[in-house]
Amino acid sequence: MAESRTIRWSAVGTRWLGIGLASIIAVVTLGLGLSGQLTLYISPESIWFACAGAVVVLLGAIWSFTLPLGTESDHGHDHGMPSAVTDTSTGSVVEVSAASRRRTLTLVGTVSAGVVASGVVVAALVLPPASLSVELAMSRADADPTLFAGADTPTLGVADTTTFGVGEWSSVFATASRPEAYDGSPVTLVGFVTPGDADAVNLTRMIITHCVIDAQPAAVPVTMDADEYGTGQWVEVTGTVKADEDGSLRVLPASVVTIDEPGDPYEY
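Residues numbered from 1 in each chain as written. Predicted model: local features only at pLDDT ≥ 70, side-chain atom pairs only at ≥ 80, totals over all residues. Heavy atoms only, no water.

1. Side note on helix 5 (residues 166–175)
An α-helical segment advances 3.6 residues per turn. Residues three or four places apart therefore align on the same side.
Alright, step 1. Taking burial as the measure, the 10 residues of helix 5 include 8 buried ones, the bulk of the element.
Alright, step 2. All buried positions along helix 5 are accounted for by Val166, Gly167, Glu168, Trp169, Ser170, Ser171, Val172 and Phe173.
Alright, step 3. Residues of helix 5 that are buried in the fold lie against strand 3 (186–195), strand 4 (201–207), strand 5 (216–222), strand 6 (234–243), strand 7 (249–258) and strand 8 (266–267). (Buried < 20%, exposed > 50% of the residue type's maximum accessible area, 1.4 Å probe, protein only. Helix = DSSP H or I, 4+ residues; strand = E, 2+ residues; numbered from the N terminus. Contact = heavy atoms within 4.5 Å.)

2. Looking at the pattern of salt bridges
Alright, step 1. Enumeration according to the criterion identifies 3 salt bridges in this entry.
Alright, step 2. The closest approach of N and O atoms between Glu267 and Arg205, which form a salt bridge, is 3.6 Å. Here Glu267 is found in strand 8, whereas its partner Arg205 is found in strand 4, with 62 residues between them in sequence.
Alright, step 3. On the accessibility criterion, Arg205 (8% relative accessible area) is buried. (Salt bridge = Lys/Arg side-chain N within 4 Å of Asp/Glu carboxyl O.)

3. Re the nonpolar core
Alright, step 1. If you look at the biggest cluster of nonpolar residues, it comprises 23 residues, and the most contacted ones within it are Trp169, Phe173, Leu203, Val220 and Val222.
Alright, step 2. If you list the elements that add at least two residues to this core, you get helix 5, strand 3, strand 4, strand 5, strand 6 and strand 7.
Alright, step 3. Beyond its immediate stretch of four places on either side in the chain, Leu203 contacts Val166, Leu189, Val190, Gly191, Phe192, Ala218, Ala219, Val220, Val222, Val235 and Val237.
Alright, step 4. Counting residues in each nonpolar core, the second largest holds 8 residues, with Val134, Met206, Ile208 and Ala215 among its members. (Core = buried A, V, L, I, M, F, W, Y, C linked by side-chain atoms within 4.5 Å.)

4. A short note on the environment of Val190
Alright, step 1. Within the element layout of this structure, Val190 appears in strand 3.
Alright, step 2. The sequence separation of Val190 and Leu203 amounts to 13 residues, and the corresponding C-alpha distance is 7.8 Å.
Alright, step 3. Setting aside anything within four residues of it in sequence, one finds Val190 in contact with Val166, Leu203, Arg205, Trp234, Val235, Glu236, Ile259 and Pro262.

5. A word on the packing of aromatic side chains
Alright, step 1. For the structure on display, the rule yields 5 aromatic pairs.
Alright, step 2. Ring plane angle 70° and centroid distance 5.4 Å describe the contact between Phe164 and Trp169, whose orientation is recorded as edge-to-face.
Alright, step 3. For Phe164, a relative accessible area of 10% gives the class buried.
Alright, step 4. Ring centres of Trp169 and Phe173 lie 5.9 Å apart, and the angle between their planes is 65°; on these two criteria the pair is classed as edge-to-face. Pair noted here: Trp169 and Phe173 are both in helix 5, with a separation of 4 residues, about one helical turn. With respect to burial, Trp169 and Phe173 carry one shared label: buried. (Phe/Tyr/Trp six-rings, centres within 6.5 Å; stacked < 30°, edge-to-face > 60°.)

6. Observations regarding the side chain of Thr29
Alright, step 1. Note on placement: Thr29 falls in helix 1 (residues 2–35).
Alright, step 2. There is a polar contact of 2.8 Å between the side chain of Thr29 and the backbone oxygen of Ile25.
Alright, step 3. Residues in contact with Thr29, not counting those within four places in the same chain, are Leu38, Ala50 and Ala54. (Polar contact = N/O pair within 3.5 Å; in protein donor to acceptor, adjacent residues only side chain to side chain.)

7. So, helix 2 (residues 47–64)
Alright, step 1. In this model helix 2 runs 26 Å from its N-terminal to its C-terminal C-alpha over 18 residues, within 8% of the 26 Å that 1.5 Å per residue would give.
Alright, step 2. Considered for burial, the residues of helix 2 that qualify are Cys51, Ala54, Ala61 and Ser64. For helix 2, the buried positions fall inside an angular range of 140° around the axis, keeping them on one side. Residues of helix 2 that are exposed and point more than 90 degrees away from the buried face comprise Trp48, Phe49, Val56, Leu59 and Trp63. (Expected span 1.5 Å × (residues − 1). Arc of directions from axis to C-beta.)

8. Here's the deal with the pairing of strand 6
Alright, step 1. Of the strand pairs in this sheet, strand 3 and strand 6 are connected by 7 bridges, and their pairing is antiparallel. Counterpart to Pro186 in the pairing with strand 6 is Thr240. (Pairing = 2+ DSSP bridges.)

9. What about the confidence of the model for the protein?
Atom-level detail of predicted coordinates should not be read off regions where pLDDT is low.
Alright, step 1. Looking at the protein, pLDDT values average 76 and 62% of them are 70 or higher.
Alright, step 2. Note on residues 75–87: pLDDT under 50 across the span, and 17 contacts to partners over four residues away in sequence or across chains.
Alright, step 3. Within the model, the stretch residues 145–156 combines pLDDT values under 50 with 27 contacts to residues more than four positions away or in other chains. (pLDDT = per-residue confidence, 0-100.)

10. Some thoughts on the environment of Val237
Alright, step 1. Mapped onto the elements, Val237 comes out in strand 6.
Alright, step 2. For the pair Val237 and Thr188, spaced 49 residues apart in the sequence, the C-alpha separation amounts to 5.6 Å.
Alright, step 3. If we skip the residues at most four places from it in the chain, Val237 touches Val187, Thr188, Leu189, Leu203, Val222, Val251, Pro253, Ser255 and Val256.

11. A short note on the environment of Phe65
Alright, step 1. Position of Phe65 among the secondary structure elements: in the loop between helix 2 and strand 1 (84–86).
Alright, step 2. Judged by relative accessible area, which is 65%, Phe65 ranks as exposed.
Alright, step 3. Taking the C-alpha atoms as reference points, Phe65 and Ile19, separated by 46 residues in sequence, lie 9.4 Å from one another.

Here is the structure:
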């Protein structure tokens, strides 16, 4: 009886760990996709793939309920292993079979993994969707900015730089071999404020290639009083690019407007 209960609970745990958690994650994914908040976690180009995958998972979960409980671990044979070895002189059990030990270890592993995975899923359900923190951007500020220029690498001679975001301009500022070619270029940039040099701040944006796991900050220096804007404040900067005599580039703002965090806070 005890062994039967162990097998049953192991089957329930396996079903929950696989189908149950996957179904909840699929529902959360679809909910975020329909509400437009999935872009807080993955790039827009990947949303259709994530939602399609979530639908497939839900269809598979519905189909799985046609399978009897315990089918996942039923191999149809027991390899001829005895349940125990008995001492013939005393009639006492002296050894538990390897199969029984495997079942016990499987149950322990399933329960442990289920508790951890359930905690992650509960956190996803309870915690509201949120963008990556300013602290994370600052902690990664030493990363090479040329790596995070978005999908299109800006090159000298591009006619229209008005569509450039923080990521593209960050790459230009770091790699331009003829910075004077960009002197006077108009810019309108949106980002959040992070500390910069004494007479400037950095306008920063998180750049995502695929999802938030690969997110890295990109920043451009803006000549403005750092005391006027707190770290993390979102602003819209309109101005021009200035090429200094030493070859460095910075933004000279004509206007700086404080704004709320955009619905899609990342660049791609």
